[in-house]
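Spelled out from the first residue to the last, the chains are:
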Amino acid sequence: MTALSLAGGIILARALGPEGRGQLAAAMMWPGLVGALCSLGLQHAFAYASGAGWCSPASLNRLAARYSVVVGLPITVLFLLACPYLYEKSFPGATWLPAIFALSIPVSLYSGLLMPIYQGRGDFARWNRAKLLRSGGWTCGIGTLVVLGAATVLSFLVAQIIVLSVVGAYLALGLRSRTRAEQERPAPFRRLLQYGLAVYASGLAYMVNQQLDQLCLSIWVAPAELGQYATAVTVSSLLLFIPGVIGPIAFARLARGEEGGSGLKTSSGEALWLGAGTLIPAGIALSLLGPWVVRLLYGGSFEEAGALLRVLAPAAMFLGLGNILSDILRGVGRPMLATYGMLGGAVVTVAGLAYTLPRYGIWGAAWVSLVAYALMAVGQGVLAWKHLGARS
């Protein structure tokens, strides 16, 4: 999946160049933010409810469909009204073009609520197949459009909507076929919402930490500069493959209560040390070799993206450690503890970007990310140690 994402990113960047890559990033980020805002943390609640046996997966599926329609469609209309203001800098005179991607909001909301059900059930085979379908479908779509000579920002946006729709259908059909024999247990929406809102602040803080820089840059700088930064972020995000594997497994084990007492601390420690033991050397290697790799794969027009990796690769390393700690804290039923660390990083991000963006542009954003992610990881590590130590 990581290789597919990397290949797709390379083809995409070479086809569009820095300016087109920046426009595509701007067009896709804002709907993603809106979808996350209206999710109210229910993805985390669905995962925990599925693992803890609060309700049946079939009832969660129906709730996800209703929620995506009742909440997602009105939000999409409101977003369409805001598009002329959001895309004035990146799409002068053509703000209608990125507005098409607003259709992804209800679709991504639905598939985003179904994925955690598989995570909570421990069905990582289908969970990984869905992720592979999303990455592979997107990469195949990119390659097909390039071969057909139709590599434009608009065509890529339409292709992404199609891929998201296919993934959602695959997840829904999987739940229907696997849960027919299970006893129906209604989804306790109020209980789910309570858990989700406890994590919601953490999710908002995570978005601030990880996406606010690019969102602000899409309004503040030229698309070509955003394209350089987005490419560097894409390459540095390869490191997040590690916590993407370790964190969900640790969460599922802890949420299902496979370990108790001192076993919680042992399992959590194993997950954290495994993550640190792979993330730290990988982050150092990417920081040193990244500029050469970017120049080789993406071409000379993305040379500044390679230089940015000197800062963004260590930043992604700290972000990955923070993600693992968040999964551990949520798995032991303490989502608010994960939120505290995220909020600390968000405060640093907002204050740092307000100061550095007008003065240092994309380089200021990169250094703010490094500092914020490092502080977030340290804060969550301290909270996890105190909580698990008190329970052992």
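For the structure, check the block above.
Worth saying up front: this structure is predicted, and the values here are computed from it rather than measured.

Participant: An account of the overall build of the protein chain is needed here, citing residue identities and associated values.
Facilitator: Each helix and strand in the protein chain was counted, giving 13 helices and 0 strands. A compact globule built from 392 residues would reach a C-alpha radius of gyration of about 21 Å, and the protein chain, at 20 Å, matches this within 12%. Based on the C-alpha atoms only, the size of the protein chain along its principal axes is roughly 55 × 40 × 35 Å. Counting every position in the protein chain, which comprises 392 residues, the buried fraction comes to 54%. Partitioning the intrachain contacts of the protein chain with sequence separation of at least 6 by distance along the chain shows that 85% fall at a separation of at least 24. Taken as two groups, the 26 positive and 13 negative side-chain charges of the protein chain have centres that lie 8 Å from each other.

Participant: Any details on the environment of Ser301? Residues and values, ideally.
Facilitator: By the secondary structure assignment, Ser301 is in the loop between helix H11 (262-298) and helix H12 (303-331). Taking the relative accessible area as the measure of exposure, Ser301 reaches 43% and is therefore partly exposed. The sequence separation of Ser301 and Gln228 amounts to 73 residues, and the corresponding C-alpha distance is 8.8 Å. When neighbours within four sequence positions are excluded, Ser301 is seen to be in contact with Pro18 and Gln228.

Participant: An account of the packing of aromatic side chains is needed here, citing residue identities and associated values.
Facilitator: Taken as a whole and assessed by the stated rule, the structure comprises 4 aromatic pairs. Ring centres 6.5 Å apart and planes at 85° place the aromatic pair Phe79 and Tyr87 in the edge-to-face group. Both residues of the pair, Phe79 and Tyr87, count as buried. Pairwise contacts between aromatic rings join Phe79, Tyr87 and Phe91 into one cluster.

Participant: Mind laying out the packing of helix H3 (residues 57-86) against helix H5 (residues 104-121), listing which residues take part and the relevant values?
Facilitator: At a minimum axis distance of 7 Å, the contact between H3 and H5 shows a crossing angle of 155°. When the axes of H3 and H5 are compared, the pair comes out roughly antiparallel. The element H3 and its partner H5 pack so that their crossing is right-handed. Note on element contacts: H5 touches H3 through Ile105, Pro106, Leu109, Tyr110, Leu113, Leu114, Ile117 and Arg121, opposite Pro57, Leu60, Asn61, Ala64, Ala65, Tyr67, Ser68, Gly72, Leu73, Ile75, Thr76 and Phe79. Among the residues forming the contact of H3 with H5, the class breakdown is 15 nonpolar, 4 polar and 1 charged.

Participant: Any chance you could break down a nonpolar patch on the surface for me, citing the residues and the numbers?
Facilitator: Together, Leu133, Val158, Ile162 and Val166 make up a nonpolar patch on the protein surface, roughly 290 Å² of accessible area in all. Residue contributions to the nonpolar patch peak at 3 residues, all from helix H7 (residues 153-178). When you line up the elements, Val158 lands in helix H7.

Participant: So what's going on with H3? Residues and values would help.
Facilitator: Because the α-helix completes a turn every 3.6 residues, residues three or four places apart line up on one side. Over its 30 residues, H3 runs only 37 Å from end to end, short of the ideal 44 Å by more than 12%, given 1.5 Å per residue. At Leu80, H3 is bent by approximately 30°, the largest bend along its length, and proline Pro84 sits one to four residues beyond.

Participant: An account of the side chain of Asn61 is requested, with residue identities and associated values reported.
Facilitator: Here Asn61 lies in helix H3. In this structure the side chain of Asn61 is engaged in a polar contact, spanning 2.8 Å, whose partner is the side chain of Tyr110. When near neighbours in sequence (up to four residues on either side) are disregarded, Asn61 contacts Tyr110, Leu114, Ile117, Ala172 and Leu175.

Participant: I'd like to hear about the packing of helix H2 (residues 42-52) against H3, residue by residue, with values.
Facilitator: Packing of H2 against H3 brings their axes to within 12 Å, and their N-to-C directions diverge by 170°. Taken together, the axes of H2 and H3 are roughly antiparallel relative to one another. When H2 is examined against H3, the residues Leu42, Phe46 and Ser50 are found in contact with a partner set consisting of Leu60, Leu63, Ala64 and Tyr67. The residue inventory of the contact of H2 with H3, partitioned by class, reads 6 nonpolar, 1 polar and no charged.

Participant: Mind laying out the environment of Ala151, listing which residues take part and the relevant values?
Facilitator: Structurally, Ala151 is set in the loop between helix H6 (124-147) and H7. Ignoring sequence-local partners within four residues, the contact set of Ala151 consists of Ala15, Leu16, Leu145, Val146 and Phe156.

Participant: Mind laying out the state of the cysteines, listing which residues take part and the relevant values?
Facilitator: This structure, assessed with the given rule, holds 0 disulfides. In this structure Cys216 is not part of a disulfide, and its nearest cysteine sulfur, from Cys83, lies 17 Å away. Judged by its relative accessible area of 25%, Cys216 is partly exposed.

Definitions and limits used
- Residues numbered from 1 in each chain as written.
- Predicted model: local features only at pLDDT ≥ 70, side-chain atom pairs only at ≥ 80, totals over all residues.
- Heavy atoms only, no water.
- Helix = DSSP H or I, 4+ residues; strand = E, 2+ residues; numbered from the N terminus.
- Rg over C-alpha atoms; globule rule 2.2 N^0.38 Å.
- Buried < 20%, exposed > 50% of the residue type's maximum accessible area, 1.4 Å probe, protein only.
- Contact = heavy atoms within 4.5 Å.
- Lys, Arg positive; Asp, Glu negative; His and termini not counted.
- Charge placed at Lys NZ, Arg CZ, Asp CG, Glu CD.
- Phe/Tyr/Trp six-rings, centres within 6.5 Å; stacked < 30°, edge-to-face > 60°.
- Axes fitted to C-alpha atoms, helices over the stretch in contact; angles between N-to-C directions.
- Parallel < 35°, antiparallel > 145°, perpendicular 65-115°, else oblique.
- Left-handed = near helix turned anticlockwise from the far one by under 90°.
- Nonpolar A, V, L, I, M, F, W, Y, C, P; charged D, E, K, R; others polar.
- Patch = residues over 30% accessible without salt bridge, like charges linked within 9 Å, V, L, I, M, F, W, Y side chains within 5 Å.
- Areas by Shrake-Rupley, 256 points an atom, 1.4 Å probe, with all protein chains shown as cover.
- Salt bridge = Lys/Arg side-chain N within 4 Å of Asp/Glu carboxyl O.
- Expected span 1.5 Å × (residues − 1).
- Bend = angle between axes of the 7 residues up to and from the residue.
- Polar contact = N/O pair within 3.5 Å; in protein donor to acceptor, adjacent residues only side chain to side chain.
- Disulfide = S-S within 2.5 Å.

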